[in-house]
Amino acid sequence: MGIIVEVENLDGNDDVLVPPPNFSMVEDCIFRSSLPNPSNFPFLQSLNLRSVIYLCPEPYPQENLEFLRSQNIRLFQFGIEGKTEVSLPILKDSIMEALKVLIDVRNHPVLIHCKRGKHRTGCLVGCFRKFQNWCLSSVFEEYQRFAGVKSRTTDLTFIEMFDILSLRQCLYSIIYQYQGYGSKKRRLLYKDENLQKPRLTSF
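The rules behind these values
- Residues numbered from 1 in each chain as written.
- Predicted model: local features only at pLDDT ≥ 70, side-chain atom pairs only at ≥ 80, totals over all residues.
- Heavy atoms only, no water.
- Salt bridge = Lys/Arg side-chain N within 4 Å of Asp/Glu carboxyl O.
- Helix = DSSP H or I, 4+ residues; strand = E, 2+ residues; numbered from the N terminus.
- Buried < 20%, exposed > 50% of the residue type's maximum accessible area, 1.4 Å probe, protein only.
- Phe/Tyr/Trp six-rings, centres within 6.5 Å; stacked < 30°, edge-to-face > 60°.
- Lys NZ or Arg CZ within 6 Å of the ring centre and 35° of its normal.

Undergrad: Help me out: how do you make sense of the pattern of salt bridges in this one?
TA: One side chain can pair with another of opposite charge once the charged atoms of both are near each other. This structure, assessed with the given rule, holds 5 salt bridges. Across the salt bridge formed by Arg129 and Glu27, the nearest N and O atoms sit 3.5 Å from each other. Placement of the pair is Arg129 in helix H4 (residues 119-131) and Glu27 in strand E3 (residues 24-27), with a sequence separation of 102 residues. Judged by its relative accessible area of 3%, Arg129 falls in the buried class. Note on Glu27: relative accessible area 16%, which makes it buried.

Undergrad: Explain unusual backbone geometry to me, please; I cannot follow it from the model alone.
TA: Residues other than glycine predominantly adopt negative phi, and peptide bonds predominantly adopt the trans conformation. Cis peptide bonds are those with omega within 30 degrees of zero, and the linkage from His108 to Pro109 qualifies with -5 degrees. Relative to the helices and strands, Pro109 resides in the loop between helix H3 (88-102) and strand E7 (110-113). The phi dihedral of Asn133 falls on the positive side, at around 70 degrees, and the residue is not glycine. With respect to the helices and strands, the residue Asn133 is situated in the loop between H4 and helix H5 (136-147).

Undergrad: Can you help me understand the packing of aromatic side chains in this one?
TA: Two aromatic rings, taken as a pair, are described by how far apart their centres are and by the angle between their planes. Considering all chains together, one arrives at 5 aromatic pairs under this definition. Arranged with centres 4.8 Å apart and planes meeting at 85 degrees, the rings of Phe23 and Phe43 form a pair that is edge-to-face. Of this pair, Phe23 sits in the loop between strand E2 (14-17) and E3 while Phe43 sits in helix H1 (residues 41-46), placing them 20 residues apart in sequence. Aromatic rings pair up to connect Phe23, Phe31 and Phe43 into one cluster. Positioned over the ring face of Phe146 is Arg32, at 3.7 Å from the centre of the ring.

In structure tokens:
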């Protein structure tokens, strides 16, 4: 069932904000969903996004690009094929690069999505959960909650085998900073703001 949010304007009118299918908050300032369409743009605007992580090889829809431009939102694209059997080296490299973008708080608030918000998005979020030291059963439960009957064993195997230590080694220049309300949420900031920036797709 989709989420519908009603917002009352100052003039007394109620605007109905409709999130994309499979929308959910992953962490504070990290969201996931399927590919948004124009009816979802007012809702996305309410999130004050800085970045979108797009996990499909197809060109981003023109109307979506125009929305991102209008809101000064950066697009990071990682072209992962939507087939059941994806080349593991390519998938590993793409997920690793996407994770580097995801954990950089300079890109937050950020929305992660593929086409349906199930498999590719689920793999990225699953590997992120491993980085957060979630137990594997909880990681799998979250993946399956979004994938439903279309859960892929290959995705679960990929998440289980993903070497999160290699990501930690790549992030030797990153420090942990704890912030948030009430809970010690682990945040990441670069020590040196002059480090090479994550690659951006060009509009």
